[in-house]
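Structural characterization, general
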Amino acid sequence: MSKKPFYITTPIYYPSGNPHIGHCYTTVACDSIARYKRMQGYDVMFLTGTDEHGLKIEQKAAEAGVSPKEYVDVIVEQFQKLWKYMNISYDRYIRTTDDYHVESVQKIFKELYDRGYIYKGEYSGKYCTPCESFWTDSQLDENGCCPECHRPVKFAKEEAYFFKMSPFAERIEKLLTETDYLRPKTRAQELVNNFIKPGLEDLCVSRTTFKWGVPVTFDEGHVVYVWIDALSNYITALGYLNDAHSDFEKFWPADVHMVAKDIMRFHAIIWPAMLMALELPLPKHLAVHGYITMQSKSGESVKMSKSLGNVVDPFILGERYGCDSIRYHILREMALGADSLFSNEIMMNRINSDLANGFGNLVSRTVAMADKYFGGTLPAEREAAAIDDDFRSVILGLLPEVDKYVDETKIKQALETIFEGVNRANKYIDETEPWKLGKDEAMKPRLAAVLYNLLEAIRITSALLAPFMPTTMPKVWEQIGASAEDVKYENLGRFDVLPADVTVHKGEILFPRIDVDKEIDELNAILTKNMEAAQAKLSAEEKGEESAAPIELAPEITIDDFAKVEIRVAKVISCEKVKKSDKLLCLQLDDGMGGRQVVSGIAQYYSPEDLIGKKLQLIANLKPVKLRGVDSNGMICAADTPDGIKVIFVDDSIPVGSKIR
Ligand code: ME8
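This is a predicted model, so every value here is computed, not measured.

Describing the site of the ligand
What surrounds the ligand is a group of 25 residues, the closest being Ile-12, Thr-26, Asp-51, Ile-292 and Met-304. Ile-292 places a polar main-chain atom, nitrogen or oxygen, 2.8 Å from a nitrogen atom of the ligand. In this structure, Met-304 approaches the ligand through a main-chain N or O atom, which is 2.7 Å from a nitrogen atom. When the ligand sits alone it has 670 Å² of accessible area, and the protein chains cover 95% of it.

Details of unusual backbone geometry
Of the consecutive residues Arg-183 and Pro-184, the connecting peptide bond is found in the cis state with omega at -5°. The residue Pro-184 is located in the loop between strand E7 (182-183) and helix H6 (188-196) in this model. Omega for the bond connecting Trp-252 with Pro-253 falls within 30 degrees of zero, at 5°, which places this linkage in the cis form. Position of Pro-253 relative to the elements: it lies in the loop between helix H9 (248-251) and strand E11 (256-260). Even without glycine at this site, His-150 takes up a positive phi of about 60°.

Describing empty space enclosed by the protein
Under the criterion given, the structure shown has 2 cavities of 30 Å³ or more. For the largest cavity, the calculated volume is near 50 Å³. Lining the largest cavity are 11 residues, with His-53, Gly-54, Val-224, Tyr-225 and Val-226 sitting closest to its centre. In terms of residue class, the lining of the largest cavity is built from 5 nonpolar, 3 polar and 3 charged. The volume enclosed by the second largest cavity comes to roughly 30 Å³. Lining of the second largest cavity is provided by Ile-292, His-329, Ile-330, Glu-333, Ser-340, Leu-341 and Phe-342.

Looking at the sheet that holds strand E15 (residues 340-341)
The strands that make up a sheet pair up through hydrogen bonds in the backbone, lying either parallel or antiparallel. On the basis of which strands lie adjacent, the open sheet formed by 3 strands has the order E14-E13-E15 and mixed pairing. Every interior strand has two partners, whereas the edge strands, strand E14 (301-303) and E15, have only one. Strand direction decides the pairing type here: strand E13 (residues 292-295) and E15, joined by 2 bridges, are parallel. Across the sheet, residue Ile-292 finds its bridge partner in E15, namely Ser-340.

A few points about the sheet that holds strand E6 (residues 154-163)
Taken together, the 4 strands give an open sheet; going across it, the order is E5-E4-E6-E8, and neighbouring strands pair in antiparallel fashion. Each edge of the sheet is formed by a strand with only one pairing partner; in this case those strands are strand E5 (133-135) and strand E8 (203-204). Pairing of strand E4 (residues 118-128) with E6 involves 10 bridges; the strand directions are antiparallel. Bridging from a neighbouring strand, Gly-121 pairs with Ala-160 of E6.

Looking at the nonpolar core
Core analysis: the largest hydrophobic core is formed by 113 residues, its most contacted members being Leu-317, Phe-359, Leu-464 and Phe-468. Ranked by residue count, the leading element in this core is helix H18 (residues 444-465), at 13 residues. When near neighbours in sequence (up to four residues on either side) are disregarded, Phe-468 contacts Ser-32, Tyr-36, Arg-327, Leu-331, Val-406, Ile-411, Ala-414, Leu-415 and Ile-418. In this structure, Phe-168, Leu-191, Val-205 and Ala-230 belong to the second largest nonpolar core, which totals 64 residues.

Examining the packing of aromatic side chains
On inspection of all chains with the given rule, the structure shows 26 aromatic pairs. Judged by centre distance (6.1 Å) and plane angle (50°), the rings of Tyr-13 and Trp-83 are tilted. One end of the pair, Tyr-13, is in strand E1 (residues 5-13); the other, Trp-83, is in helix H3 (residues 68-85), with 70 residues separating them in the sequence. On the basis of relative accessible area, Trp-83 is assigned to the buried category, the value being 0%. In textbook terms, an aromatic cluster arises when at least three aromatic residues are bridged by ring pairs, as seen for Tyr-7, Tyr-234, Tyr-240, Phe-248, Phe-251, Trp-252 and Trp-271. A cation over a ring is seen here: Lys-261 above Tyr-291, with NZ or CZ 4.8 Å from the ring centre. Geometry around Tyr-452 places Arg-382 over its ring, the cationic atom sitting 3.8 Å from the centre.

A word on the pattern of salt bridges
A complete count under the given rule lists 44 salt bridges for this structure. In this structure, the salt-bridge partner of Asp-247 is Arg-92, at a minimum N-O distance of 2.6 Å. Taken together, the positions of Asp-247 in the loop between helix H8 (233-236) and H9 and Arg-92 in strand E3 (residues 92-95) put the pair 155 residues apart, joining distant regions of the chain. Overall, Asp-247 belongs to the buried group, its relative accessible area being 15%. With its nearest N and O atoms 2.8 Å apart, the salt bridge here joins Arg-459 to Glu-456. One end of the pair, Arg-459, and the other, Glu-456, are both in helix H18, 3 residues apart, so they sit about a helical turn from each other. Within the structure, one salt-bridge network assembled from shared partners comprises Arg-332, Glu-333, Arg-350, Asp-354, Lys-412 and Glu-416.

Digging into a nonpolar patch on the surface
Residues Ile-557, Ile-559, Phe-562 and Val-565 make up a contiguous nonpolar surface patch of roughly 370 Å² in combined accessible area. Inspection of the secondary structure assignment puts Ile-557 in the loop between helix H20 (516-546) and helix H21 (559-563).

Some details on the layout of surface pockets
Counted as a void, the second largest pocket has a volume near 620 Å³. Contributing to the lining of the second largest pocket are 20 residues, with Met-294, Gln-295, Ser-296, Lys-297 and Met-531 lying nearest its centre. Those elements that provide at least two residues to the lining of the second largest pocket are E13, helix H13 (344-374) and H20. Counting residues per element, the lining of the second largest pocket draws most heavily on H20, at 7 residues. Partitioning the lining of the second largest pocket into residue classes produces 9 nonpolar, 8 polar and 3 charged.

Some thoughts on the packing of H3 against helix H11 (residues 314-321)
Taken N-terminus to C-terminus, the directions of H3 and H11 make an angle of 25°; their axes are 11 Å apart at the nearest point. Here H3 lies roughly parallel to H11, going by the angle between them. Like other packed secondary-structure pairs, H3 and H11 cross with a definite hand, here left-handed. Of the residues in H11, those in contact with Gln-78, Lys-81, Leu-82 and Tyr-85 of H3 are Pro-314, Phe-315, Gly-318 and Glu-319.

Analysis parameters
Residues numbered from 1 in each chain as written. Predicted model: local features only at pLDDT ≥ 70, side-chain atom pairs only at ≥ 80, totals over all residues. Heavy atoms only, no water. Near = heavy atom within 4 Å. Polar contact = N/O pair within 3.5 Å; in protein donor to acceptor, adjacent residues only side chain to side chain. Areas by Shrake-Rupley, 256 points an atom, 1.4 Å probe, with all protein chains shown as cover. Helix = DSSP H or I, 4+ residues; strand = E, 2+ residues; numbered from the N terminus. 1 Å grid on protein atoms, 1.4 Å probe; cavity = no way out; pocket = protein on both sides within 12 Å on 5 of 7 lines; lining within 4 Å. Points joined across faces, edges and corners; volume = space filled by probe spheres on them. Nonpolar A, V, L, I, M, F, W, Y, C, P; charged D, E, K, R; others polar. Pairing = 2+ DSSP bridges. Core = buried A, V, L, I, M, F, W, Y, C linked by side-chain atoms within 4.5 Å. Buried < 20%, exposed > 50% of the residue type's maximum accessible area, 1.4 Å probe, protein only. Contact = heavy atoms within 4.5 Å. Phe/Tyr/Trp six-rings, centres within 6.5 Å; stacked < 30°, edge-to-face > 60°. Lys NZ or Arg CZ within 6 Å of the ring centre and 35° of its normal. Salt bridge = Lys/Arg side-chain N within 4 Å of Asp/Glu carboxyl O. Patch = residues over 30% accessible without salt bridge, like charges linked within 9 Å, V, L, I, M, F, W, Y side chains within 5 Å. Axes fitted to C-alpha atoms, helices over the stretch in contact; angles between N-to-C directions. Parallel < 35°, antiparallel > 145°, perpendicular 65-115°, else oblique. Left-handed = near helix turned anticlockwise from the far one by under 90°.

Shape descriptors only; they carry no functional weight alone.
Shown next, in the form of structure tokens:
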């Protein structure tokens, strides 16, 4: 009988910076589900990849002095290295720069155009360059900035192609509210209210302002804008409209697309609309998770993101605690749909409580007792007791529960369920007190039964944990003497699978206990240093953007020319805003010459209180002028910076009236 197909995808990530723990969540979650489904006997296609086009990449490459492809190649290698390190079992890795993808996207674009869903128009609106997104006024944040990255947006206008969304509004609303496409479904109403009810806006799907993208075949100068290029990956990777692959019939529609809430709208509305326009079946589920957040200096939880520079490097954590501990921690903390705060302390405590004390201890105690009391091989003669029935039924109840949670993409609950089994097994040890049984020769058959039941519980729980922690569990099987056959899915719903005379092998400690007090400062210091370096790099990059234009000097002057300018130290005695002006402040200065009034255009950057009592540099022999009807006798020196105008203050020890040369 041929196996049932199962297709699961992560988003394709932007290779605009190295991957971080936030990226790991989606990828590890999908990997766990993919592995679980393989264990259940499905023919799995697990797709991940990178979304390599766009203005941001083009700009970053130019800054780095390399071609966009050279730029992304380096970062893609980092992603792939991390996925290998985290033991990610993807079946296919798509790069949107792959020729077959480019070819398919061009065909998809043309197909949508031929069907009348794409038309040419003009786009004008507020544009966020870092996010490559146009936003409507109502979508901007409270400061009129980009709702995603909160940086300033600018007005932009260009000829562009648009994708007609309105024909699909009704079907999409039904998809979101009447089917279980969206998980968690509680988010459906928010999408309907924010995007569908106000009228679905047509989507801008081409750009002329940058080149690094898939060219539109029938209109030179236009490149396909990110979402048609990016979302199509889920079908081009299967061979839709290309010959590179031939699995489209088998795997489409996808069983699960998993994404974080930042790109929910694109996957919940635009992607179904594109598929409807192409008359293709819709994916079965879109699982939307929250963010891994970090605590900011002011105590708020903010998204971990490379554009904020607050990222935790998974390699550093993996090297210290092992990749399975990191996988477990991030999966166990995040409930589908909610955010989860990342903190070193929470991570260490979780690893200690569940993995070192809970599961690791169960395995080591059981194996050690089998070794101590029976030289490693259990005797076939065993004596059951009533208490065993309850224990066995708890362990046997795990499989259907975990199956259900995995099918619902509720990984946290799946892990909680398995750990109920682990905790029950540790409790069974306390109840049966095998160390007492071991002292009495007559109780050896009872002791053998207890240890056998424990080994069986470990066999079942470890096999259920293997999709989530694939590196460690084979070591457990080695220790408890389980064969590959013993841990197959079909053997997880029953007891008495291990041979009656099973032999255990004492092995390494699976999850060493972390000394939190000792480790916490060290790890905080390492990660903080790493994060500060990331932030410094970011701000250097941003400043680089600002000063990218070459500085043009005014024509040369002589020292005599300069000597004509009288710069003197003055102190601000009082200051107030000039009426009916947003920009001007009126300052009364002690200039060592009887005082004077100066008007300065710095009201947007300084309030009067910021200036009163401060000493600054005054151009003292400037011809007086009237500004907004107010006399100004001179000018104060200030610098133009990327963050606005900054007054050049003078050290308080320099007397008022001193000449500056
Ligand atoms: O949006 N917590 O790529 P991207 C949880 N190329 N998940 C996080 C996260 C965090 N702090 N930070 C990132 C794009 N992610 C597009 C997608 S798909 C057709 C195109 C994960 O590199 C999460 O899965 O910005 C999120 O949806 C994804 O990275 C966005 O990655």
